[in-house]
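Residue-level structural notes
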Amino acid sequence: MGRKPVIEHDECIGDGVCESICPEVFELRDDGLAYVINDDPDPDLEDEIQEAIDSCPTGCITWEDE
Ligand code: SF4
């Protein structure tokens, strides 16, 4: 795919929306922040990742080109 999602942690409020949409890529941890757990997501996951980006209430997930 050549790109991956990144999370701006200063803006993450830890509601877990991203994980609920795409748990293959996003994980909410005990520190109250979401993390990207798959740095090379399968292209099949791109739609789910985009949905998570669009659904994040603070808009803190973005694509990063590699
Ligand atoms: S949807 Fe956005 S604010 Fe919510 S846990 Fe995921 S990255 Fe954080």
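Further up the page is the structure itself.
Attention here is on the structure that accompanies the text. Per-chain numbering applies: the sequence of each chain, read as written, is numbered from 1 onward. Local features in this predicted model are restricted to residues of pLDDT 70 or higher, and side-chain atom pairs are both shown and tallied only at a pLDDT of 80 or more, whereas totals for entire chains, interfaces and linings draw on every residue. As a rule here, side-chain values come from all non-hydrogen atoms in the structure, and water together with hydrogens is ignored.

1. Points about the site of the ligand
What counts, and what does not: Throughout this document, a residue counts as near a molecule or strand when at least one of its heavy atoms sits within 4 Å of that molecule or strand. Only Asp, Glu, Lys and Arg are considered charged in this grouping, and only Ala, Val, Leu, Ile, Met, Phe, Trp, Tyr, Cys and Pro are considered nonpolar; every other residue, Gly among them, is considered polar.
Taken together, 14 residues are adjacent to the ligand, and Cys 12, Asp 15, Gly 16, Cys 18 and Cys 56 come closest. In terms of residue class, the shell around the ligand is made up of 10 nonpolar, three polar and one charged.

2. Focus on a negative patch on the surface
Quick note on the threshold: Excluding any residue in a salt bridge, patches collect residues exceeding 30% relative accessible area, merging like charges within 9 Å and nonpolar Val, Leu, Ile, Met, Phe, Trp and Tyr side chains within 5 Å. Only the protein chains shown count as covering a residue, and every accessible area follows the Shrake-Rupley method with a 1.4 Å probe. Here, a salt bridge means any side-chain nitrogen of Lys or Arg that lies within 4 Å of a carboxyl oxygen of Asp or Glu. Within this scheme the basic residues Lys and Arg register as positive and the acidic residues Asp and Glu register as negative, but His and the chain ends are omitted. Note on charges: their place is set at NZ of Lys, CZ of Arg, CG of Asp or CD of Glu. Segments assigned H or I by DSSP are reported as helices when at least four residues long, segments assigned E as strands when at least two residues long, and all are numbered from the N terminus.
A contiguous patch of negative charge on the surface is contributed by Asp 40, Asp 42, Asp 44, Asp 65 and Glu 66. Residue placement: Asp 44 occurs in the loop between β3 (34-36) and α2 (46-55).

3. A few points about α2
Our working definition: Exposure classes here rest on a 1.4 Å probe applied to the protein chains alone. A residue is buried below 20% of its type maximum, exposed above 50%, and partly exposed in between. Regarding the arc, it is the one traced by the directions from the helix axis to the C-beta atoms. Two residues form a contact once any of their heavy atoms are found within 4.5 Å.
Listed in full, the buried residues belonging to α2 are Ile 49, Ala 52 and Ile 53. One side of α2 carries all its buried residues, which in axial view fall inside an arc of 100°. Opposite the buried face of α2, by more than 90 degrees, sit the exposed residues Asp 47 and Asp 54. Taken together, the buried residues of α2 touch β1 (3-7), α1 (17-21), β2 (26-28) and β4 (61-65).

4. Some thoughts on the packing of aromatic side chains
The condition is simple: Between 30 and 60 degrees the pair is tilted, below 30 it is stacked and above 60 it is edge-to-face, where a pair is any two Phe, Tyr or Trp rings, Trp via its six-membered ring, whose centres lie within 6.5 Å. The criterion for a charge sitting over a ring is simple: Lys NZ or Arg CZ within 6 Å of the ring centre, and within 35 degrees of the ring normal.
Taken as a whole and assessed by the stated rule, the structure comprises zero aromatic pairs. The ring of Trp 63 carries the charged tip of Arg 3 above its face, separated from the ring centre by 3.9 Å. Between the NZ or CZ atom of Arg 29 and the centre of the ring of Tyr 35, over which it lies, the distance is 4.3 Å.

5. Topic: the nonpolar core
Our working definition: Residues enter a nonpolar core if they are buried and are Ala, Val, Leu, Ile, Met, Phe, Trp, Tyr or Cys, with the set joined through side-chain atoms within 4.5 Å.
Of all hydrophobic cores here, the largest spans 15 residues; its most connected members are Ile 7, Cys 18, Cys 22, Val 25, Phe 26, Ile 49 and Ile 61. For this core, the leading source of residues is α2, giving three residues.

6. Describing the pattern of salt bridges
Enumeration according to the criterion identifies four salt bridges in this entry. Between Lys 4 and Asp 39 there is a salt bridge whose closest N-O contact spans 3.9 Å. Of this pair, Lys 4 sits in strand β1 while Asp 39 sits in the loop between β3 and α2, and the two are 35 residues apart along the sequence. Taking relative accessible area as the criterion, Lys 4 reaches 17% and is therefore assigned buried.

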